[in-house]
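Overview (structure and organization)
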Amino acid sequence: MAEDRNFTLKIITPERVFYEGPVSMVEFNTTEGAIGIYKGHIPMTVMIKPGILTITTDEGKREAALHAGFVEILQTQVTVLAEVVEWPEEIDANRAKAALERAEERIRRHEPNTDLARAETALDRAMARINVLK
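Per chain, the residues get numbers from 1 upward, laid out in the order the sequence is written. Local features in a predicted model are, by the rule used here, given only for residues with pLDDT of at least 70; side-chain atom pairs are given and counted only at 80 or more, and totals for whole chains, interfaces and linings are based on all residues. Where side-chain values are given, they derive from all heavy atoms of the structure, hydrogens and water being excluded.

1. Some remarks on the UniProt feature "domain: ATP synthase F1 complex delta/epsilon subunit N-terminal" (unreviewed entry) in the chain
- UniProt positions are given in the numbering used here, feature names are shortened, and annotations may be inferred rather than shown by experiment. UniProt feature "domain: ATP synthase F1 complex delta/epsilon subunit N-terminal" (unreviewed entry): in the numbering of this structure it lies at residues 7–83.
- Helix makes up 0% of residues 7–83 and strand 70%, whereas the separation of the span's terminal C-alpha atoms amounts to 23 Å. Every helix listed is a DSSP run of H or I at least four residues long, and every strand listed is a run of E at least two residues long, numbered separately from the N terminus.

Structure follows, in structure tokens:
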């Protein structure tokens, strides 16, 4: 029975096929807000915003840090083309904390030569990494 509610999720980065298999739900952040996808979702294409990717399968939930890219949503298949996706065990906690501190400092200082949008994106990515480790 559970098979009937599953759809195919494929997550691809420039370096590898991160995930490919049947899922019952996938959740992530888009530039328009958070989204949860079930089989039969209306077809659309969305842009990813850094955050936590949650994959739900018959075995349970698994989370990863998702950074940027695009998602093609079809009724029986979702394809994620991502710049970076990381399982918690692939994340260096100390490096993520250091990146968070650097981004916060750049935003706090807001010097004239600081690209604020880039600093905010770096902050979002660092927070995604840290939050997926919790």
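2. Comments concerning the packing of aromatic side chains
- Here is the rule: rings of Phe, Tyr and Trp (six-membered ring for Trp) pair when centre to centre is within 6.5 Å. Planes less than 30 degrees apart are stacked, more than 60 are edge-to-face, and the remainder are tilted. Tallying each qualifying case throughout the model produces one aromatic pair.
- With a centroid separation of 4.4 Å and an interplanar angle of 25°, the aromatic rings of Phe-18 and Trp-87 are classed as stacked. One end of the pair, Phe-18, is in strand β2 (residues 17–23); the other, Trp-87, is in the loop between β10 (85–86) and α2 (93–109), and 69 residues separate them in sequence.
- Summary of the burial criterion: residues with accessible area below 20% of their type's maximum are buried, those above 50% are exposed, and those between are partly exposed, where the area comes from a 1.4 Å probe applied to protein chains only. The exposure class of Trp-87 is buried, given its relative accessible area of 10%.
- Here, a charge over a ring is recorded when the distance from Lys NZ or Arg CZ to the ring centre is within 6 Å and its angle to the ring normal is within 35 degrees. Sitting over the face of the ring of Trp-87, Arg-62 holds its NZ or CZ atom 3.7 Å from the ring centroid.

3. Some words on the pattern of salt bridges
- A pair is scored as a salt bridge if a Lys or Arg side-chain nitrogen falls within 4 Å of a carboxyl oxygen belonging to Asp or Glu. The final tally for this structure, using the stated rule, is eight salt bridges.
- A salt bridge links Arg-125 to Glu-83; the shortest N-O distance between them is 3.2 Å. Within this pair, whereas Arg-125 is found in helix α3 (residues 116–133), its partner Glu-83 is found in the loop between β9 (77–82) and β10, the two being separated by 42 residues in sequence.

4. Some remarks on the side chain of Thr-30
- On the secondary structure map, Thr-30 appears in strand β3 (residues 25–30).
- Among the polar contacts made by the side chain of Thr-30, one reaches the main-chain amide nitrogen of Glu-32 at a distance of 3.0 Å.
- Counting of polar contacts relies on pairs of N or O atoms within 3.5 Å, with two restrictions inside protein: one atom must be capable of donating a hydrogen and the other of accepting it, and residues adjacent in sequence are counted only when both atoms are side-chain atoms. Within the structure, the side chain of Thr-30 is placed 2.7 Å from the backbone oxygen of Gly-33, a separation counted as a polar contact.
- Contacts are assigned to residue pairs with any non-hydrogen atoms lying within 4.5 Å of each other. Residue contacts for Thr-30: discarding those within four places in its chain leaves Ile-35, Val-46, Met-47, Ile-48 and Lys-49.

5. Here we look at the nonpolar core
- The set of buried Ala, Val, Leu, Ile, Met, Phe, Trp, Tyr and Cys residues whose side-chain atoms join them within 4.5 Å is what this entry labels a nonpolar core. Ranked by internal contacts, the top residues of the largest apolar core, which has 23 residues, are Leu-9, Ile-11, Phe-28, Leu-53, Ile-55 and Val-80.
- Those residues in contact with Val-80 that lie beyond four places of it in its chain are Leu-9, Lys-10, Ile-11, Ile-12, Ile-48, Leu-66, Phe-70 and Val-71.
- Counting residues in hydrophobic clusters, the runner-up holds 11 residues, among them Ala-65, Ala-96, Ala-103 and Ala-128.

6. Re α3
- The end-to-end C-alpha separation of α3 is 26 Å, in line with the 26 Å expected for 18 residues at 1.5 Å each.
- Its side-chain oxygen at 3.3 Å from the backbone nitrogen of Ala-117, Asp-115 defines the N-terminal cap of α3. Under the convention used throughout, the expected extent of a helix is 1.5 Å for every residue step, that is, one less than its residue count.

7. Looking at the environment of Ala-68
- Along the chain, the position of Ala-68 falls in the loop between β7 (60–66) and β8 (69–73).
- Look at Ala-68 and you get buried, because its relative accessible area is 12%.
- Counting along the chain gives 61 residues from Ala-68 to Phe-7, while the straight-line C-alpha distance between them is 22 Å.

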